[in-house]
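Geometric and topological summary
Take a look at the letters that make up each chain.
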Amino acid sequence: MSHRDNLIKINKELSKPMDLMNVGFVGVVGSAGGVRVTQNNAQSTYTDSGKTYYKYTQGGTITFNGDGDVKLMLIGGGASGCVKYYGGGSGAGGMYYDDVTITSQQYTITVGGSNTDSTALGKTAIKGGRGQNIYNSGTQGGCGGGAKYGDGTSSNANCADEQQSGSASGGIGFDGGNGTANPTLDYAHSGGGGGLGQIGGDGTSSNPYGQCSASNVIGSGGNGRTNAQLDNILTITSSGVGGYIGGGGGAARMFWNTGSGGQGGLGGGGASGLTSGSCGSGSEGSSGVSGTSYTGSGAGAAGRAPSNGTGGSGICIIVVG
């Protein structure tokens with residue numbers, strides 16, 4: 001056979017149809033190493049840099065075709081504020097923010113309202129802890145509630161201890177702030193609720209019994225998690241408040257003292273309903289400010305008022321890609 005005949009034979013072989021049954025698939029199905037979303041009822045979806053963000057502000061479902069890892073940001077509902085008298089601020093809901101391994105199936109998503117856990121993809125973000133006052137011991141939660149005046153350590157006020165990081169799901173939570181505990185001082189202010197970025201502020205008093213000082217501090221809520229700590233997810237999905245999410249609630253001013261503080265933590269935390277006034281005088285104040293919706297933020301304490309604000313509802317964002 002001549003050299004020319006060999007070339008003709010080779011060209012004829014190459015012209016034959018490819019047997020697709022004997023060729024393995026080359027490439028990646030979907031956008032996350034084999035994970036593809038086939039159904040969802042997210043309230044909003046966003047795309048950025050090849051990733052898709054499914055944002056849930058209510059309950060819903062999502063169905064995957066394929067096994068692999070996705071990123072989950074899940075925040076529990078913030079705690080409602082405590083009512084009279086002179087209580088600590090309430091904590092933000094706990095956060096889960098990490099990769100989750102999923103399988104081909106439908107998952108149910110629950111987004112917690114005030115005082116309610118959030119659940120998704122087998123993980124739980126715990127509701128926030130409620131602040132303590134003189135009649136109520138408060139409740140534990142994802143982020144701790146602030147201790148009332150006179151309880152100077154979290155061991156004295158169990159509500160101040162965050163529960164999220166030690167839970168079965170793990171995750172992020174910060175303690176509530178403390179109130180000054182010193183028998184030579186009186187009428188100290190309460191602590192602020194924990195946020196998702198820092199502990200709640202401590203309430204302080206530097207004056208002996210029967211005296212007042214404007215230098216005393218009313219515990220403010222801890223700030224929330226920042227956009228930078230969350231890989232720009234807040235900006236991409238138009239979530240949080242001012243580049244933060246999950247602020248703690250502010251403590252109420254002790255009526256028989258003066259001072260400054262009691263503000264909600266950055267990211268949606270509610271301020272106290274009683275932050276100003278002279279020593280031993282002033283109004284009952286109003287209900288503490290509610291936490292901002294879809295941030296899981298804690299509410300502020302009410303001071304002397306008989307009503308309270310609500311914790312901010314949580315949120316769930318699933319990132320595929």
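Here the structure is shown first, and the text comes after it.
This text gives an overview of the structure that appears in the document. Quick caveat: nothing in here was measured; it's all calculated off a predicted structure. (Residues numbered from 1 in each chain as written. Predicted model: local features only at pLDDT ≥ 70, side-chain atom pairs only at ≥ 80, totals over all residues. Heavy atoms only, no water.)

Topic: the overall build of the protein
Heads up, the condition is: Secondary structure elements follow DSSP: runs of H or I no shorter than four residues count as helices, runs of E no shorter than two count as strands, and numbering proceeds from the N terminus. Type-normalised accessible area, obtained with a 1.4 Å probe on protein chains alone, sets the label of each residue: buried when under 20%, exposed when over 50%, and partly exposed for intermediate values. The contact rule is simple, with two residues in contact once any of their heavy atoms fall within 4.5 Å. Values of accessible area rely on a 1.4 Å probe in the Shrake-Rupley scheme; residue burial ignores everything except the protein chains shown.
Of the regular secondary structure elements, the protein holds two helices and 14 strands. Taken over 321 residues, the protein has a buried fraction of 49%. In the protein, the proportion of contacts linking residues at least 24 apart, taken out of those at least 6 apart, comes to 63%. On the protein, roughly 13500 Å² of surface is accessible, and the fraction owed to carbon and sulfur atoms is 49%.

Focus: the sheet that holds strand E3 (residues 51–56)
The strands making up a sheet associate through hydrogen bonds between their backbones, and the pairing can be parallel or antiparallel. This is how it is decided: Strand pairing is defined by DSSP finding a minimum of two bridges between the two strands. Axes, fitted as lines to C-alpha atoms, cover a helix only where it is in contact. Angles between the N-to-C directions of the axes lie from 0 to 180 degrees.
An order of E2-E3-E14-E5-E6 is seen for the five strands of this open sheet, with the pairing classed as antiparallel. Both outer strands of the open sheet, strand E2 (44–48) and strand E6 (95–102), are each paired with one neighbouring strand and no more. Across the sheet, the mean angle separating the axes of adjacent strands is 20 degrees when strand polarity is ignored. In the sheet, E2 pairs with E3 via five bridges, with the strands oriented antiparallel. When the sheet's bridge partners are listed, Thr47 is paired in E3 with Thr52.

Comments concerning the nonpolar core
Just so we agree on the cut-off: Among buried residues, the Ala, Val, Leu, Ile, Met, Phe, Trp, Tyr and Cys ones that are joined through side-chain atoms within 4.5 Å form a nonpolar core.
Of all hydrophobic cores here, the largest spans 22 residues; its most connected members are Tyr56, Ile62, Phe64, Leu72, Leu121, Cys316 and Ile318. Secondary structure elements with two or more residues in this core: E3, strand E4 (60–65), strand E5 (68–75), E6, strand E7 (106–109) and strand E14 (315–320). Cys316 has contacts with Tyr54, Lys55, Tyr56, Leu72, Met73, Leu74, Ile109, Val111 and Ala120, leaving out every residue within four places of it along the chain. Grouped together as the second largest cluster of nonpolar side chains are 17 residues, Ile75, Ala92, Ile236 and Ile317 included.

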